[in-house]
Amino acid sequence: NYNAANGSYYHGQNVPVSDFTISNVGTGATVGTIPVQIRVSTNNVISSGDTLTNANSTVAGQNPGASVDYSWSFQVPGSLAAGNYFSGIYVPAVTNELVTSNNWDADEATFTIIDCLADVNNDGQILANDFTAWINAYNTGAFECDQNGDGSCTPTDFSAWINNYNNGCPGL
């Protein structure tokens, strides 16, 4: 029953995840903590190969048949391109776990990552350090340099970045 808030998000923004349940469907009690990861994928099957967004979430050990509800959030990774994604939980196998086929769950709906060109460092904020990030992108020819969408990194992108910075991005 994993359900992330669907909608459009910039890199660095938090996506809330409403109540979801972690259950022990096995026959033995889990001891210690169970690592629970939130991952993002281009398909609705969440696996260890998908982009990790939140690895610090753990749940306490549970007796067989026990279930606990949780609510978390994750930050949209700056490493992902704009587009539609699924998010979900993934539980790496723990010692002596016999059944691992149910160690993931994905949201049935997608969320959309949208670009905010002025947020060059993809931290979800438009601040002066984005200028430093743009200068670095310009000096290295990185794609973040292209602020006017012409496919090139040229001095005209500086004026475009100033316009993008002054115009801001809705919600940031």
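A brief structural summary.

### Considerations on the state of the cysteines
When the sulfur atoms of two cysteines share a covalent bond, that bond is a disulfide.
So, point 1. What the rule picks out here adds up to two disulfides.
So, point 2. What pairs with C116 in a disulfide is C169, and their sulfur atoms sit 1.9 Å apart. On the sign convention where negative is left-handed, the bridge of C116 and C169, at about 90 degrees about the S-S bond, is right-handed. Here C116, found in the loop between strand 8 (111-114) and helix 1 (129-140), pairs with C169, found in the segment after helix 2 (156-167); they are 53 residues apart in sequence, far enough to count as distant.
So, point 3. Exposure remark for C169: the relative accessible area of 13% places this residue in the buried category.
So, point 4. Indicated for the chain is the disulfide connectivity 1-4, 2-3, based on numbering the bonded cysteines in sequence order.

### Description of helix 2
So, point 1. Between its first and last C-alpha, helix 2 extends 17 Å over twelve residues, near the 16 Å set by a 1.5 Å rise per residue.
So, point 2. Buried within helix 2 we find D157, A160, W161 and N164. An end-on view of helix 2 places all buried positions within 105 degrees of arc, on one side of the element.
So, point 3. On its buried side, helix 2 packs onto helix 1.
So, point 4. Count one or two residues on from helix 2 and you reach G168, which has phi positive near 65 degrees.

The rules behind each value
Residues numbered from 1 in each chain as written. Predicted model: local features only at pLDDT ≥ 70, side-chain atom pairs only at ≥ 80, totals over all residues. Heavy atoms only, no water. Disulfide = S-S within 2.5 Å. Helix = DSSP H or I, 4+ residues; strand = E, 2+ residues; numbered from the N terminus. Buried < 20%, exposed > 50% of the residue type's maximum accessible area, 1.4 Å probe, protein only. Expected span 1.5 Å × (residues − 1). Arc of directions from axis to C-beta. Contact = heavy atoms within 4.5 Å.

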